[in-house]
Amino acid sequence: MSTAGLGEQLVGAYHKLINECEVVSYNEFSEKEGDQMEVDVLALGTDNGRQCVYICEVVTHLDGLNYGGTPSDGSWSDFGGKSYQGTLDTIYQKFEADYEYATRVFDDADAYTLQLWSPYVPNGKLTDGLDEVSARFEREHGERVALKINEAYTAEIDQLRAKAGTETKRYGEPAYRFLQILEHMRR
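Conventions and cut-offs
Residues numbered from 1 in each chain as written. Predicted model: local features only at pLDDT ≥ 70, side-chain atom pairs only at ≥ 80, totals over all residues. Heavy atoms only, no water. Salt bridge = Lys/Arg side-chain N within 4 Å of Asp/Glu carboxyl O. Buried < 20%, exposed > 50% of the residue type's maximum accessible area, 1.4 Å probe, protein only. 1 Å grid on protein atoms, 1.4 Å probe; cavity = no way out; pocket = protein on both sides within 12 Å on 5 of 7 lines; lining within 4 Å. Points joined across faces, edges and corners; volume = space filled by probe spheres on them. Helix = DSSP H or I, 4+ residues; strand = E, 2+ residues; numbered from the N terminus. Nonpolar A, V, L, I, M, F, W, Y, C, P; charged D, E, K, R; others polar. Patch = residues over 30% accessible without salt bridge, like charges linked within 9 Å, V, L, I, M, F, W, Y side chains within 5 Å. Areas by Shrake-Rupley, 256 points an atom, 1.4 Å probe, with all protein chains shown as cover. Pairing = 2+ DSSP bridges. Axes fitted to C-alpha atoms, helices over the stretch in contact; angles between N-to-C directions. Contact = heavy atoms within 4.5 Å. Core = buried A, V, L, I, M, F, W, Y, C linked by side-chain atoms within 4.5 Å.

**Student:** Can you walk me through the pattern of salt bridges in this structure?
**Tutor:** Considering all chains together, one arrives at 10 salt bridges under this definition. Between Glu156 and Lys148 there is a salt bridge whose closest N-O contact spans 2.5 Å. The residue Glu167 makes a salt bridge to Lys163 at a minimum N-O spacing of 3.7 Å. Overall, Glu167 belongs to the buried group, its relative accessible area being 18%. Overall, the relative accessible area of 24% leaves Lys163 in the partly exposed class. One continuous salt-bridge network, built from bridges that share partners, spans Asp158, Arg161 and Glu183.

**Student:** Would you explain the layout of surface pockets in this entry?
**Tutor:** Considered as a void within the structure, the largest pocket measures approximately 150 Å³ in volume. Asn19, Cys21, Gly45, Thr46, Asp47, Arg50, Gln51, Cys52, Tyr54 and Ala111 are the residues that line the largest pocket. Looking at which element gives the most residues to the lining of the largest pocket, the answer is strand S3 (residues 50-58), with 4 residues. Grouping the constituent residues of the lining of the largest pocket by class yields 4 nonpolar, 4 polar and 2 charged.

**Student:** Just checking my understanding: could you explain a nonpolar patch on the surface for this structure?
**Tutor:** Residues Phe178, Ile181, Leu182 and Met185 make up a contiguous nonpolar surface patch of about 370 Å² in total accessible area. Residue class for Phe178 comes out partly exposed when judged on its relative accessible area of 48%.

**Student:** For this particular structure, what's the right way to read the sheet that holds strand S4 (residues 111-118)?
**Tutor:** Two strands in a sheet stick together by hydrogen bonds in their backbones, pointing the same way (parallel) or opposite ways (antiparallel). Taking strand neighbours across the sheet as the criterion, the 5 strands line up as S1-S2-S3-S4-S5 in an open arrangement whose pairing is mixed. Where the open sheet ends on each side, the last strands, each with one partner, are strand S1 (23-29) and strand S5 (145-149). In this sheet, neighbouring strand axes are inclined to one another by 25° on average, regardless of whether the strands run parallel or antiparallel. Seen against the sheet, helix H1 (residues 6-17) touches S1, strand S2 (38-47), S3 and S4 and runs at an angle of roughly 145° to S1.

**Student:** Quick question: what am I supposed to make of the nonpolar core here?
**Tutor:** Soluble globular proteins tend to bury their nonpolar side chains together. With 29 residues, the main nonpolar core has Val53, Ile55, Leu65, Leu116 and Leu130 as its most contacted residues. Among the elements of the structure, S2, S3, helix H2 (82-105), S4, helix H3 (125-141) and S5 are those that each provide at least two residues to this core. Take this core: its biggest share by element is 7 residues, from H2. Excluding anything up to four places from it in sequence, Ile55 contacts Val39, Val41, Leu42, Phe95, Asp98, Tyr99, Ala102, Tyr112, Thr113, Leu114 and Gln115.

Bear in mind that shape data such as this cannot, by itself, settle questions of function.
See the structure below:
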């Protein structure tokens with residue numbers, strides 16, 4: 001059984017069964033001395049001979065995305081109070097560490113796709129700040145962070161639920177099996 005959380009397992013199942021990634025790994029840590037990073041979901045797929053590495057941070061806080069803390073600098077000051085600023089700073093730093101890890105370990109990949117998955121993020125300053133996280137990451141690293149939040153999260157997981165309702169085959173993905181059970185209950 002995976003030590004991944006249920007939210008991470010849903011995202012991993014999505015990448016395996018919807019994106020058809022050949023490899024999905026959970027809670028990847030760097031072996032590099034002093035590197036404390038962790039990628040929640042790392043998925044490897046190929047499309048027309050091109051290898052893509054999916055780098056996913058998954059935040060399944062059902063009462064809203066919030067890491068809190070104190071921001072490392074004032075770069076997020078336009079996006080609410082210290083708690084939101086700390087959250088944005090934490091997310092940005094996570095993606096910087098994740099991206100450094102993925103581009104070092106999978107240095108011959110053709111594409112890198114960074115994704116933030118969260119089912120509930122309050123609209124307003126925080127979602128505006130996440131848009132800036134993505135834009136800033138693109139300016140500094142040449143890659144955007146795809147925001148799979150709120151309605152986008154629901155739409156992606158609904159694809160997984162729909163697939164779960166059409167088949168009974170086991171894939172070794174616990175969250176997907178749970179969806180299959182729910183989708184096949186008799187009423």
